[in-house]
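Results of the structural survey
Okay, here's what each chain looks like letter by letter:
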Amino acid sequence: DGSLAYVNAGTFTVNEGEFTAGNGGYGIAPLTNGTVIINGGTFNNDLLNWGGNITVTGGKFKFNPKAEFIAAGYKAIKDGSKYVVVPETTAAIVSDAAALQTSIANINDGETIVLKEGTYSEIITLEGGKTYNIVANGNVVLPGVAHETNSLTSASTVTFEGVTFDNSLQTTGWYTGTSPNIMPCVGVWGGHLTFKNCTFKVEGTSNKETGVMTWWTGDNKATLNFEGCKFEGINDHANARAMQIYGKVDMTVKNCTFTTYKDYTLKYVGGEGCVAEFEGNNVSNSENFVELGSAPYAGANYTAKFVNNTLNGSTNLWVVAHEEGQKIFENGVQKK
């Protein structure tokens with residue numbers, strides 16, 4: 001009949017030649033020569049019952065949609081008892097730590113793992129030397145993430161989006177750095193990690209005082225990027241630090257919010273030629289936003305750049321704890 005219909009939501013069941021939208025009770029007659037574009041919704045019958053021309057870019061289906069219905073750039077994958085149409089780059093939709101770890105082991109470059117809402121039970125290990133994304137669909141909480149290799153063949157490049165990391169959920173020490181068996185939200189000896197709109201909850205108790213921890217890893221350079229993230233202390237809030245970054249690490253921290261306490265929010269001790277950039281962040285509670293240098297674990301000749309950060313209360317922008325040839329810039333002007 002030449003008409004065009006879009007389906008974006010609702011639950012649909014074909015019943016005696018009618019579609020019944022469970023969210024509103026509307027009946028829609030099947031098309032014969034028209035076009036249906038399905039962007040979402042739940043479908044309890046085979047789409048062959050719909051008639052007309054069908055193009056699917058989203059939704060959940062009781063029966064696996066025919067390949068000719070699925071739009072270019074999309075595919076159907078199993079999600080529990082349903083089939084879900086997702087972008088072709090989606091590797092898996094997972095709901096527990098074991099499935100997530102399996103998906104990481106089998107992922108291809110450029111693919112995305114979607115995390116279903118919930119609290120996951122185990123620390124996740126990044127591996128494989130591949131480039132991929134891990135994206136939360138709803139409120140997703142992980143106890144922690146480990147990337148403990150920095151070899152050129154096994155260093156992964158991973159982007160997390162919308163995930164909450166909470167190290168109060170950890171029960172056993174696992175990451176060695178300045179002290180054995182500590183329990184950060186993220187523990188890194190290498191790799192290339194980006195966190196977008198993530199939340200880091202730092203318990204602040206013994207061996208759980210750090211959100212993100214890196215350590216010296218040899219000649220291979222690691223990279224860390226944080227965009228729009230939140231760092232907060234919980235439980236023993238007064239002893240929580242957002243990060244302790246040691247080693248050959250380049251990093252950017254942009255538009256993040258820090259409410260952790262203690263003497264500094266973030267420690268940065270870089271290797272030769274490394275650069276850390278801090279832009280547009282909002283910082284409260286601690287004495288210093290960034291502490292540079294460490295007498296027992298010294299770096300050398302690295303650069304810290306600060307642009308348009310907001311400091312609340314008596315927080316200082318930076319302090320040099322140990323002279324290591326640091327270059328420091330504030331809004332493009334060299335201060336040291």
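Since the structure is predicted, the reported quantities are computational estimates derived from the model, not experimental observations.

What about the packing of aromatic side chains?
Summed over the entire model, instances satisfying the criterion amount to 21 aromatic pairs. Here the aromatic rings of tyrosine 246 and tyrosine 297 are separated by 6.0 Å at their centres, their planes lie at 85°, and the arrangement is edge-to-face. You can see tyrosine 246 sitting in strand S23 (residues 241-247) and its partner tyrosine 297 sitting in the loop between strand S29 (288-292) and strand S30 (303-307), a full 51 residues away along the chain. Between phenylalanine 278 and phenylalanine 306 the ring centres are 5.1 Å apart and the planes differ by 20°, which places this aromatic pair in the stacked class. Of this pair, phenylalanine 278 sits in strand S27 (residues 275-279) while phenylalanine 306 sits in strand S30; the two residues are 28 residues apart in sequence, bridging distant segments of the chain. Taken individually, phenylalanine 278 and phenylalanine 306 each receive the classification buried, so the pair is uniform in this respect. An aromatic cluster is defined as three or more aromatic residues linked by ring pairs; in this entry it consists of Phe160, Phe165, Phe195, Phe200, Phe226, Phe231, Phe258, Phe278, Phe289 and Phe306. Lysine 78 extends its terminal NZ or CZ atom over the ring of tyrosine 83, reaching a point 5.3 Å from the ring centre.

Section: the confidence of the model for the protein
Per-residue confidence for the protein gives a mean pLDDT of 91; residues scoring 70 or more make up 93%. Of the regions scoring below 50 in pLDDT, residues 16-29 engages in 23 contacts with residues more than four places distant in sequence or in other chains.

Here we look at the sheet that holds strand S1 (residues 4-7)
In space, the 3 strands of this open sheet follow the order S1-S5-S7, with parallel pairing throughout. Two strands in the sheet have a free side with no partner beyond their single neighbour: S1 and strand S7 (53-56). For this sheet, the mean angle separating the axes of adjacent strands, direction not counted, is 15°.

Thoughts on the sheet that holds strand S26 (residues 264-270)
The 8 strands are arranged S13-S15-S17-S20-S23-S26-S29-S32 in an open sheet whose pairing can be described as parallel. Across the chains shown, the open sheet's two edge strands, defined by having one partner strand only, are strand S13 (124-125) and strand S32 (316-320). Of the pairings in the sheet, the one linking S13 to strand S15 (residues 145-147) comprises 2 bridges and is parallel in character. The residue bridging threonine 125 from the neighbouring strand is alanine 146, located in S15.

Description of unusual backbone geometry
Positioned with a positive phi, asparagine 255 is a non-glycine residue whose angle comes to about 55°. With respect to the secondary-structure elements, asparagine 255 resides in the loop between strand S24 (249-254) and strand S25 (257-258). Its relative accessible area of 54% is what places asparagine 255 among the exposed residues. Even without glycine at this site, asparagine 331 takes up a positive phi of about 50°. By the secondary structure assignment, asparagine 331 is in the loop between strand S33 (327-330) and strand S34 (333-334).

A look at the side chain of asparagine 288
Along the chain, asparagine 288 falls in strand S29. Note on asparagine 288: relative accessible area 6%, which makes it buried. Of the polar contacts made by the side chain of asparagine 288, one reaches the side chain of asparagine 316; its length is 3.1 Å. The contact partners of asparagine 288, leaving out residues within four places of it in the chain, are Asp263, Tyr264, Thr265, Thr315, Asn316, Trp318 and Val319.

Quick notes on the rules
Residues numbered from 1 in each chain as written. Predicted model: local features only at pLDDT ≥ 70, side-chain atom pairs only at ≥ 80, totals over all residues. Heavy atoms only, no water. Phe/Tyr/Trp six-rings, centres within 6.5 Å; stacked < 30°, edge-to-face > 60°. Helix = DSSP H or I, 4+ residues; strand = E, 2+ residues; numbered from the N terminus. Buried < 20%, exposed > 50% of the residue type's maximum accessible area, 1.4 Å probe, protein only. Lys NZ or Arg CZ within 6 Å of the ring centre and 35° of its normal. pLDDT = per-residue confidence, 0-100. Contact = heavy atoms within 4.5 Å. Pairing = 2+ DSSP bridges. Axes fitted to C-alpha atoms, helices over the stretch in contact; angles between N-to-C directions. Polar contact = N/O pair within 3.5 Å; in protein donor to acceptor, adjacent residues only side chain to side chain.

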